[in-house]
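So you can see what is in the structure, the chains are spelled out below.
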Amino acid sequence: MAGVKRRSVLAGAALSGAVVGAGAAAPPALAVPDWHPEALPAPITPRDPRYASLLRGDNHRFVGSPDKVWLPESTAQVVAAVNQALATGRRPVVRSGGHCWEDFTTAPDARVLIDLSQLDSVGFDRHRRAFAIEPGATLGQAYDVLFKRWGVAFPGGDCPDVGVGGHIPGGGYGPLSRRYGTVSDHLLGLEVVVVDRSGRARAVVATRDSRDPNRDLWWAYTGAGGGNIGIATRYWLRSPGAQGWDPAGLLPKAPSSFRVGTLIWAWDMLNEESFTRIIRNHGRWYEQNSSPDSPYANLASWFVVPHKSRGALVLAAMMDESTPGAERLMTAHLRELNAGTGVEPVVQRQDIQPWLYWMTYPGGGKWGDRETRRYKAKSAYLRKRYSDRQVSTMYRYLTSPTYANPNALVLLLSYGGQVSAVAPDATATAQRDSVVKMICGAAWREPVEDETHLKWVRELYRDIYADTGGVPVPNDVNDGAYINYADVDLADPAWNTSGVPWHQLYYKGNYARLQQVKKRWDPLNVFRHGLSIQLP
């Protein structure tokens, strides 16, 4: 069985889903065939020359030392790897793209790493009438296949080397989210390896069908984040309400091209007043233009506000070029962002970029460069723009003469639009009426610099949210943080003095329900990490 591929293992599962696509009864849980020892390839251990290359992910601050690394090629092999780990008393952890911001897959007690990078197929499952994507596929791979074969897309991020396996269960968002919602809004179902109360692993299928007895597991995977309950080995995507059997009509049509508007302000031309006006304009614009029916629901942007040593602030706004009046809308948007600043941007232009090129350009979303890969970052949801006090705090940190790091920044990302058309408890993604997401962070190269940069990031975030205990406590302005941008400081009373627990910041009112799902599907708490859902 060593050569058995996933397609044969899942044939029965795919057929069982045919009735769901037709609107009949929900599918039963998937029964994985009995595995034999030879079905699982030999693990990679410290003596293997491949071992060193598998110890760290995107953030070089964290390097693991597992006893074994498994590279499964099928669901049956994932089941076998989990059972083997548990039988030998070792805690398994799972990794897909390796972009976790914390040490969730490299912690000292993580003795078995299950690396899903070899599970990377992207295709169409005609029985489920849905697109099937394995967790080891990257966003770039998925976009490439879906666009070239069917002209469709899902509203995920524009960091092409992020793994689908971790992106989807955290909710997932990107340049198309204001138009089409989160990625999880298009999640039809998934296959998950779970461990029951007896300590044995098995695989089940869970869908959004209201008659599916496993629906609660599907719900948890629409915003709980990865590594919490089990190991997802396949996702099925189909937009709610999509009809027919033609794949081209079952996910959103991808744009042919983006109209990209760019504004660049040189730091040397700014003072605190003009800086404040730019940030205020940006926040106010999103407050006023983020309803699902806004003519600007097709426009998304990222705004890089780096330390002054970087030289310039860069905003890129993107809009489907086929949007009626796209050039006029983009021109008005750029004009409003610079209104009243008294400063002329050094660059102000509009370009047309092929959509697939924009979404899959290598290196997108990277912290630093190949060598500068140690980083710390934090996140927040904004329901309204930052106050002038908060902007003044940003300005003080970003212009500090005692801290000069061109890879330190505040990043403001578009949100809202169709995201807010979904109820906060319909999926596990609770933040549904925010208009902007914020990231602040820094990247650096040398371990001896850790303390300096960690201090800067932590204190910047703490001081921005000084009025709410150093964290974005949900209120009429803040709405907590994004679990895919994991930050263990939110669970540390030294940095979170609000009295509001970390899980309230990430999950709000959905946490108690997530705990019940955890109790049902991971009663032994096998799958856990520094911010994992706790058993009730």
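None of the values given here were measured: they were computed from a predicted structure.

### Let's talk about the overall build of the protein chain
Phase 1: Looking only at helices and strands, the protein chain has 15 helices and 15 strands in total.
Phase 2: Its C-alpha atoms give the protein chain a radius of gyration of 23 Å, within 12% of the compact-globule value 24 Å for 536 residues.
Phase 3: In terms of overall dimensions, the protein chain has C-alpha extents of about 70 × 55 × 40 Å along its principal axes.
Phase 4: Accessible surface, the protein chain as shown: approximately 20100 Å² in total, 51% of it carbon and sulfur.
Phase 5: Between the mean site of the 60 positive side-chain charges and the mean site of the 52 negative ones, the protein chain shows a separation of 3 Å.

### Concerning the UniProt feature "domain: FAD-binding PCMH-type" (unreviewed entry) in the protein chain
Phase 1: Annotation from UniProt places "domain: FAD-binding PCMH-type" (unreviewed entry) at residues 62-242.
Phase 2: Taken end to end, residues 62-242 is 22% helix and 25% strand, and its first and last C-alpha atoms sit 42 Å apart.

### Let's talk about the domain arrangement of the protein chain
Interface size is often expressed as the accessible area that is lost when the parts come together.
Phase 1: In terms of domain boundaries, the protein chain breaks down into domain 1 (40-254) and domain 2 (257-508).
Phase 2: Together domain 1 and domain 2 conceal approximately 4000 Å² of surface at their shared face, both sides included; 56% is due to carbon and sulfur atoms.
Phase 3: For domain 1, the biggest contributors to the area lost against domain 2 are Trp-101, Tyr-173 and Arg-178; these three give 27% of the whole.
Phase 4: Between domain 1 and domain 2 we count 4 salt bridges in total.
Phase 5: Across the pair Glu-102 and Lys-376 runs a salt bridge whose closest N-O atoms are separated by 2.7 Å.
Phase 6: Run the count over domain 1 and domain 2 and you get 25 residue pairs in polar contact (both at pLDDT 80 or more).
Phase 7: Mapped by element, the contributors of at least two residues to the side of domain 1 that touches domain 2 are helix H5 (139-150), helix H6 (164-167), helix H7 (177-180) and helix H8 (215-220).
Phase 8: With 5 residues, H5 is the single largest residue contributor to the side of domain 1 that touches domain 2.
Phase 9: Counted by class, the side of domain 1 that touches domain 2 contains 17 nonpolar, 19 polar and 10 charged residues.

### With respect to the pairing of strand E14 (residues 408-414)
The side chains of a regular strand alternate between both faces of the sheet.
Phase 1: Along E14, 7 of the 7 residues are buried, which leaves the element largely enclosed by surrounding structure.
Phase 2: Where burial is concerned, the two faces of E14 agree: the one with Ala-408, Val-410, Leu-412 and Ser-414 and the one with Leu-409, Leu-411 and Leu-413 are both buried.
Phase 3: Bridging between strand E10 (residues 299-306) and E14 involves 5 bridges; their strand directions are antiparallel. Paired with Pro-306 across the bridge in E14 is Leu-409.
Phase 4: The pairing of E14 with strand E15 (residues 436-444) spans 7 bridges and is antiparallel. Following the sheet pairing, Leu-409 is matched in E15 by Gly-441.

### Looking at the packing of aromatic side chains
Phase 1: Summed over all chains, the structure comprises 30 aromatic pairs.
Phase 2: The interplanar angle of 70° and the centroid separation of 6.2 Å between the aromatic rings of Tyr-397 and Trp-456 together place this pair among those described as edge-to-face. Residue Tyr-397 is found in helix H12 (residues 388-398), and its partner Trp-456 is found in helix H13 (residues 450-464); the two are separated by 59 residues along the sequence.
Phase 3: Centre to centre, the rings of Trp-502 and Tyr-506 are 6.3 Å apart; their planes meet at 65°, and the pair counts as edge-to-face. Of this pair, Trp-502 and Tyr-506 both sit in helix H14 (residues 502-507), 4 residues apart, roughly one helical turn.

### Topic: the nonpolar core
Phase 1: Counting 114 residues, the largest nonpolar core has Phe-275 and Met-438 as the members making the most contacts within it.
Phase 2: What Met-438 contacts, discounting residues up to four positions off in sequence, is Lys-378, Ser-379, Ala-380, Leu-382, Tyr-386, Val-410, Leu-411, Leu-412, Tyr-461 and Tyr-465.
Phase 3: Within the second largest apolar cluster, 20 residues are counted, among which are Trp-70, Ala-80, Ala-81 and Val-82.

### Notes on the side chain of Arg-61
Phase 1: Take Arg-61: it is sitting in the loop between helix H3 (18-21) and strand E1 (68-70).
Phase 2: Of the side chains with opposite charge, Glu-102 comes closest to the buried, unpaired Arg-61, at an N-O distance of 4.8 Å.
Phase 3: Within the local environment of Arg-61, its side chain forms a polar contact with the backbone oxygen of Tyr-375, the two atoms lying 3.1 Å apart.
Phase 4: With residues up to four places along the chain from it excluded, the contact list for Arg-61 reads Arg-374, Tyr-375, Lys-376, Trp-444 and Leu-454.

Cut-offs applied
Residues numbered from 1 in each chain as written. Predicted model: local features only at pLDDT ≥ 70, side-chain atom pairs only at ≥ 80, totals over all residues. Heavy atoms only, no water. Helix = DSSP H or I, 4+ residues; strand = E, 2+ residues; numbered from the N terminus. Rg over C-alpha atoms; globule rule 2.2 N^0.38 Å. Areas by Shrake-Rupley, 256 points an atom, 1.4 Å probe, with all protein chains shown as cover. Lys, Arg positive; Asp, Glu negative; His and termini not counted. Charge placed at Lys NZ, Arg CZ, Asp CG, Glu CD. UniProt positions renumbered as here; feature names shortened; annotations may be inferred. Domains from an automatic or database assignment. Buried area = accessible area lost by both parts, 1.4 Å probe. Salt bridge = Lys/Arg side-chain N within 4 Å of Asp/Glu carboxyl O. Polar contact = N/O pair within 3.5 Å; in protein donor to acceptor, adjacent residues only side chain to side chain. Nonpolar A, V, L, I, M, F, W, Y, C, P; charged D, E, K, R; others polar. Buried < 20%, exposed > 50% of the residue type's maximum accessible area, 1.4 Å probe, protein only. Pairing = 2+ DSSP bridges. Phe/Tyr/Trp six-rings, centres within 6.5 Å; stacked < 30°, edge-to-face > 60°. Core = buried A, V, L, I, M, F, W, Y, C linked by side-chain atoms within 4.5 Å. Contact = heavy atoms within 4.5 Å.

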